[in-house]
Amino acid sequence: MDKNFKEEFRQIIKFEPPLYKQRHQFVKDLVEKYKPKKVADLGCADCSLLWMLKFCSCIEVLAGLDICANVMREKMHTLSPLPVDYLQPSERSLTVTLHHGSVAHKDPCMLGFDLVTCIELIEHLEESELKKFPEVVFGFMAPSIVVISTPNSEFNCLLPRVTLYRHPDHKFEWSQAEFQSWALETARCYNYSVEFTGVGHPPTGMEKVGFCTQIGVFFRKYPQTGESLQSEKPMEAVYKTVFKAVYPSLKDEKYLQNAVISEVIFTAQIIKHRLMSKYEEYSDNPERKSKFQLSMDCFSDYLGKLVVEKNMEPFVSGNEVYIPLRTIFSFPKVNRLCGTFEKLCKLIAGKVTLSSDGSAVMFNIEHENEEN
Amino acid sequence: TIGLQVSSGLQDLSLRDRGGRRRDFHDLGVNTRQAMVHVQESKTGFSGKIIKLTTNHFRLTSRPQWALYQYHVCYSPEMEARRLRSALLFQHEETIGKTHAFDGSILFLPKKLENKVTELFSRTRNGEDVKITVTLTNELPPTSPTCLQFYNIIFRRLLKMLNLQQIGRNYYNPSDPVSIPNHRLMVWLGFTSSILQYEENIMLCADVSHKVLRGETVLDTMHSLHSQVGEERFRDACAKELIGLIVLTKYNNRTYRIDDIDWDNNPKSTFRKSDGSEMSFVEYYKKQYNIEISDWMQPVLISQMKRKRGNIQGSVALIPELCSLTGLTDKMRNDFNMMKDLAIHTRLPPEQRQRELGRLLNYIQKDDNVQKELRNWGLSFDNKSVSFTGRIVQGEKIFQSGAMFDYNPQFADWTKETRGVPLIRSMPMDSWLLIYTRRNYDVANTLLQSLFKVTPSMGIHMNRPSMIEVDDRTEAYLRVLQQRVTSDINIVVCILSSSRKDKYDAIKKYLCTDFPIPSQCVLARTLSKPQTIMTVATKIALQMNCKMGGELWSVEIPLKQVMIVGIDCYHDTVSGKQSIAGFVASLNQSVTRWFSRCVVQSRGQELVDGIKTCLQAALRHWSKWNKSLPSRIFVYRDGVGDGQLNTLVNYEVPQFLDCLKSIGTDYSPRLTVIVVKKRVGARFFAEIGGGLRNPPPGTVVDTVVTRPEWYDFFVVSQTVKNGCVAPTHYNVIYDTSQLKPDHVQRLTYKLCHMYYNWSGIIRVPAPCQYAHKLAFLVGQSIHREPSIMLSDRLYYL
């Protein structure tokens, strides 16, 4: 291609959004579509793809693998839970792990994944590593989906600054034909199907060079063989874990219990507050003072409760206010957290002051008045 | 002139912590001691009984001949992005080593590179060749200010490695929170840390810190406010409750201050992204973080960016649903039950506090990664805190109308001792008003009866007041004041049925500015308990007496012709518009009468001009009272924030001197300026009987944990029932008094006995507390300078 022609494209070839973002978006779209629970990113580098994926609510296990521990360490703290994750634990559980190791080695921690992504990875592999790579990823890890992206060397003539390879560490860059034949052969060998696509469209008139980044999406053709196969080959761990974060989740009893106790007491406080303000209005009338009940209707819409049953009314007796657990359970938030009434009782047992028969939350109000 | 010198190496220091702020919180470069010849040799006192103390400071040790090497890194062609600059540089780890700290242009290494200038070549992803030049600019000894800043950054790195979460300036442990479900609060235990050059060593000062977080979003709070106050007052209520609060977001690890609420926008509104494209918040959060915003009607929160990029001062829009609240609101602070529940978890007694700290140090010693990082830099920490001795200075004698009392040093309180003793100067209540609502008629009578019982022994002559019943409305109170207050009234007493601020504010405003008369507001509730009514009435009688110009007790002040000044500031956090400086100055030899002024100024204005006027007025009054000008002036300056010392030394002190000069050419009094700081990280523990206790009041510390470049000392003057006592830090930044440090310390402690609203020792010298009270009253309720007619009385108590 002559120099002038190249110059012309220097202006044109600027991807918007940038190419790396398009690659990440591609993976994200795939995750949205297939909803994998366990995702591993091989060659995760600065963890930016993992960081993006941690917000995908279907994912429960995220793992990253890189040959360079330092580059992972640089940004790995972005994968830690945020303060808010502790304050409002999410419904889903999420564990993020970073491993230091090579894609040429097998480690049992990589088993059982649904999606494995290798974004701009293979071109960094030495010949010997590239040889072992299919067996490790397709043969050993054997996830349902594998995504592999790599530069398309045919596009390089449009990139003005590229002389040999796009990055000094690249060991090779393949043409479309080279990549596709490698991919088809790999897919055939390990019983996968493969679809080719890419990101970074070529300029009009240059369509034949193909995408700037070529992508192969591999689907496993056979169903998961299950644990049996894996347990046959017990093996040693060769990767080193450099980071692990377990996100607080309501699936964890500890967080669920905290959330339930907090919600129960808070709900009970609201009911008590309402009850007491009514009670004070009535309290001038001594006949009604001893035992006072309040119809639930007056605050049911505000609190948005589900059902009103008999014997669910909160009441004041002496210096104590009783809020039946049934009433508290009927509030949507409590209900959703616990699921069943029995679970509610079990979770708050010993943590919340209850009436002697255990059917109601009890507050002492005498104590409070003294302080004010 | 003032001896200020910013140590070399600090001005051009740009190693940045997260957030890129460059504020010098520790006032590192301000060396004030070198200008004070009389404390060059020693700044320690001598009087009192020796006490063995330990503290929360831990020595930092570095290996011998340790130095930090500072390099300048530049790129050719120039690279803009900091991340890219780092990535390119660290391609050469074999040359520069694995241990480094780099902020994009300055590189710190624990070892010296072979050559003074090292050239490295990298290639970007785009295949661009870049030449990196690394030039040695400085070889820093362990005590250089740059090194200190560097240690602090490294220590923060360690805390991060320990998986502690940074919130604001401190680090917290999220994995083991204390939840207080009654109030929907969560308390995280964490640590504050700073590494500084102290008297003899570089030390880590670490303290336990608690972060109160709330298990609800800003939107939750808005919903509950809406149900509490209704539609009409909703927006006002939101502004009052939320503005000024710090929030955490769901999607990043940053804190923001809510500065405004934008009701005209909602999550469907669009904003301009940095690339110029428009996008709605709903789309943005979905795309960027996969977060679905469920409520599309909520307003948008506005947070001003403190940090200026270039010259643009930007603001950030936040979605209430995605923000969690931190900290306490004023409303919560006033909630007695809540504060009591919180105190159980946050007020740790000395033993427990040290134990928690020990745990942090233990983590540091045990964590491999942390140890490796420290080793690589050639640093380590002692795991035992430093021990040293302090002095307990002698307790003061309290004088009241010829009688003399000692107080029990353990309680630091003389309420019992002085009960039933005539006051030094009692003001008659010949003509006064008692205003109450119908509901509080009984309470008003109870108060009156009790006052009649307690006042005679104090020597207060009291007539029956005009009893006035009003409706429980602000306007009703005001109308009565307008009709009934005349200039011969000694004092107005109002009984209020609730602690609602508007009524109190209106009364105070009228009686401080429109018709200046001392006033006393009493909450009906405090009078409703028969068992405490006499105590309450005694306190009210004393307070009223001070407000009318009375004097209660005194301590011996050996200095003659001395004027003591106290200054404190109040910053209006809600509207953020005003700052108020309270200024008080003593008028007599026994330091029992005080002159006061205050300065109200809008944001951004410097305090000093106003203070100059105050000082002039104070001197005029002093000379009127004493028929001469004071020959010594002591200024106790409170309300100085971290990092503001420089401003104080450079601008405020010269203004004081200017002001004194302007009085007359032959007038040159001795001036001492002392900066008072209540919020300090240092804690002291007395080693008593094998355990740790709070040191008793009167404990003075002027070695080991003080700073070599300052003439400073700590005094523990108050006692606390729960938790750890906080020492007050005094920094003498200017002193021509020629007094020995011991005398300055003693005078300071004496003044902590002189606050008339508390028959005991308080945490700061009385003038500071008076100035605080005045600034608070004006800032909270009056919003303009009170009438000059009241300026010789403690009307603001």
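Residues numbered from 1 in each chain as written. Chains lettered and ligands numbered in written order. Predicted model: local features only at pLDDT ≥ 70, side-chain atom pairs only at ≥ 80, totals over all residues. Heavy atoms only, no water.

Draft legend 1. Quick look at the overall build of chain A. On a plain count of helices and strands, chain A comes out with 15 helices and 12 strands. Taken over 372 residues, chain A has a buried fraction of 49%. If you sum the accessible surface of chain A, you get close to 18200 Å²; carbon and sulfur atoms cover 51% of it. (Helix = DSSP H or I, 4+ residues; strand = E, 2+ residues; numbered from the N terminus. Buried < 20%, exposed > 50% of the residue type's maximum accessible area, 1.4 Å probe, protein only. Areas by Shrake-Rupley, 256 points an atom, 1.4 Å probe, with all protein chains shown as cover.)

Draft legend 2. View of the nonpolar core. Residue and element names in this part refer to chain B. Counting 88 residues, the largest nonpolar core has Tyr-636 and Tyr-770 as the members making the most contacts within it. No other element matches helix H18 (residues 766-782), which puts nine residues into this core. Excluding its chain neighbours within four sequence positions, the residues that come into contact with Tyr-770 are Val-584, Trp-594, Met-754, Tyr-755, Tyr-756, Leu-794, Tyr-796 and Leu-797. With 55 residues, the next largest nonpolar core counts Phe-150, Leu-158, Phe-388 and Val-701 among its residues. (Core = buried A, V, L, I, M, F, W, Y, C linked by side-chain atoms within 4.5 Å. Contact = heavy atoms within 4.5 Å.)

Draft legend 3. Region of the structure containing the packing of helix H9 (residues 350-366) of chain B against helix H10 (residues 368-377) of chain B. Residues and elements named next belong to chain B. Packing of H9 against H10 leaves a shortest axis separation of 5 Å and a crossing angle of 75°. Here H9 lies roughly perpendicular to H10, going by the angle between them. Contact with H9, carried on its side by Ile-364, Gln-365 and Lys-366, involves Asp-368, Val-370, Gln-371 and Leu-374 of H10 and no other residues of that element. Taken together, the residues of the contact of H9 with H10 sort by class into three nonpolar, two polar and two charged. (Axes fitted to C-alpha atoms, helices over the stretch in contact; angles between N-to-C directions. Parallel < 35°, antiparallel > 145°, perpendicular 65-115°, else oblique. Nonpolar A, V, L, I, M, F, W, Y, C, P; charged D, E, K, R; others polar.)

Draft legend 4. The environment of Met206(A), seen in detail. You can see Met206(A) is positioned in the loop between strand S6 (192-199) and strand S7 (213-220). Residues Met206(A) and Pro83(A), 123 residues apart in the sequence, show an inter-C-alpha distance of 50 Å.

Draft legend 5. Molecular detail of the pairing of strand S24 (residues 432-437) of chain B. All names here are of chain B. Of all six residues making up S24, six are buried, and the element is well covered by its neighbours. Judged by which residues are buried, S24 turns out to be covered on both faces: Trp-432, Leu-434 and Tyr-436 on one side and Leu-433, Ile-435 and Thr-437 on the other are all buried. For S24 and strand S26 (residues 491-496), the ladder comprises four bridges, and the chain directions are parallel. Along S26, the bridge assignment pairs Leu-433 with Val-492. Inspection of the sheet shows S24 paired to strand S25 (residues 466-470) by five bridges, in the parallel sense. Counterpart to Thr-437 in the pairing with S25 is Val-470. (Pairing = 2+ DSSP bridges.)

Draft legend 6. Seen up close, the sheet that holds strand S30 (residues 594-602) of chain B. Residues and elements named next belong to chain B. Reading across the sheet, the 12 strands line up as S30-S29-S28-S31-S32-S37-S36-S35-S21-S1-S33-S34 and stay open at both edges, with mixed pairing between neighbours. Strands with a single pairing partner mark the edges of an open sheet, and in this sheet they are S30 and strand S34 (691-693). Pairwise comparison of adjacent strand axes, ignoring direction, gives a mean angle of 30° for this sheet. Across three bridges, strand S33 (residues 684-688) lies against S34 in antiparallel orientation. For Ala-686, the partnering residue across the bridge sits in S34 and is Arg-693. Against the sheet, helix H17 (residues 741-751) makes contact with strand S21 (387-392), strand S28 (562-571), strand S31 (632-637), strand S32 (670-677), strand S35 (699-701), strand S36 (711-716) and strand S37 (728-735), and its axis sits at roughly 40° relative to S36, the strand it touches most.

Draft legend 7. Molecular detail of the packing of helix H6 (residues 127-141) of chain A against helix H7 (residues 176-190) of chain A. All names here are of chain A. Taken N-terminus to C-terminus, the directions of H6 and H7 make an angle of 45°; their axes are 10 Å apart at the nearest point. Between H6 and H7, the angle is such that the two are oblique. The interaxial crossing formed by H6 with H7 has right-handed handedness. Counting all contacts with H6, which are made through Leu-130, Phe-133, Pro-134, Glu-135, Phe-138 and Gly-139, the residues of H7 involved are Trp-182, Thr-186 and Tyr-190. Broken down by class, the residue content of the contact of H6 with H7 amounts to six nonpolar, two polar and one charged. (Left-handed = near helix turned anticlockwise from the far one by under 90°.)

Draft legend 8. Layout of the domain arrangement of chain B. Segmentation of chain B into domains returns domain 1 (33-46 + 558-676 + 715-720 + 730-790), domain 2 (68-140) and domain 3 (426-548). Here the C-alpha centre of domain 2 of chain B lies 50 Å away from the C-alpha centre of domain 1 of chain B. (Domains from an automatic or database assignment.)

Draft legend 9. Fine view of the pairing of strand S10 (residues 185-197) of chain B. Residues and elements named next belong to chain B. Burial analysis of S10 places 11 of its 13 residues in the buried class, which makes it a mostly covered element. As judged from the six bridges shared by strand S9 (residues 170-180) and S10, these two strands associate in the antiparallel manner. The residue bridging Ser-179 from the neighbouring strand is Met-186, located in S10. Here S9 folds back onto S10, and the loop between the two strands holds four residues, one of which, Arg-184, carries a positive phi near 55°. Between S10 and strand S11 (residues 202-217), which pair antiparallel and follow one another directly, the connecting turn spans four residues.

Draft legend 10. Local environment of helix H13 (residues 501-514) of chain B. Spanning 14 residues, H13(B) covers 19 Å between terminal C-alpha atoms, matching the ideal 20 Å at 1.5 Å per step. Buried within H13(B) are the following residues: Lys503(B), Asp505(B), Ala506(B), Ile507(B), Lys508(B), Tyr510(B), Leu511(B), Cys512(B) and Thr513(B). (Expected span 1.5 Å × (residues − 1).)

Draft legend 11. Fine view of the side chain of Thr118(B). Take Thr118(B): it is sitting in strand S6 (residues 117-123). For Thr118(B), a relative accessible area of 11% gives the class buried.

Draft legend 12. Inspection of the packing of aromatic side chains at higher detail. Going through the model one piece at a time under the given rule, you end up with 43 aromatic pairs over all chains. Aromatic rings pair up to connect Trp51(A), Phe55(A), Tyr251(B), Phe271(B), Phe281(B), Tyr284(B), Tyr285(B) and Tyr289(B) into one cluster. The ring of Phe113(A) carries Lys38(A) above its face, with NZ or CZ at 5.2 Å from the centroid. (Phe/Tyr/Trp six-rings, centres within 6.5 Å; stacked < 30°, edge-to-face > 60°. Lys NZ or Arg CZ within 6 Å of the ring centre and 35° of its normal.)

Draft legend 13. Layout of the interface of chain B and chain A. Taken residue by residue, the interface counts 47 residues in chain B and 41 residues in chain A. Buried area between chain B and chain A, both sides added, is near 3800 Å², and the carbon and sulfur share of it is 49%. The tally of links between chain B and chain A comes to one salt bridge. Close ionic contact of Glu263(A) with Arg184(B) constitutes a salt bridge, the shortest N to O distance being 2.7 Å. Listed by contribution, the elements that provide at least two residues to the side of chain B that touches chain A are helix H3 (145-161), strand S8 (165-167), S9, S10, S11, strand S12 (246-249), helix H6 (281-289) and helix H8 (336-346) of chain B. Counting residues per element, the side of chain B that touches chain A draws most heavily on S11(B), at five residues. (Buried area = accessible area lost by both parts, 1.4 Å probe. Salt bridge = Lys/Arg side-chain N within 4 Å of Asp/Glu carboxyl O.)

Draft legend 14. Up close: the pattern of salt bridges. Residue and element names in this part refer to chain A. The tally for this structure, following the rule as stated, stands at 42 salt bridges over all chains. Lys-106 is the partner of Glu-135 in a salt bridge, and the nearest nitrogen-oxygen pair spans 3.0 Å. With Glu-135 in helix H6 and Lys-106 in the loop between strand S3 (95-100) and strand S4 (115-119), this residue pair connects regions lying 29 residues apart in the sequence. The class for Lys-106 is partly exposed, based on a relative accessible area of 31%.

Draft legend 15. How the structure looks around the sheet that holds strand S7 (residues 129-140) of chain B. All names here are of chain B. The strand order across the open sheet built from five strands is S4-S5-S3-S7-S6, with neighbouring strands paired in antiparallel fashion. Both edges of this open sheet fall to strand S4 (101-102) and S6, since each of them pairs with a single strand only. Two strands pair when backbone bridges link them, and S4 and strand S5 (residues 106-109) are joined in this way by two bridges, in the antiparallel orientation. Its bridge partner being in S5, Ala-101 is matched across the sheet by Phe-108.

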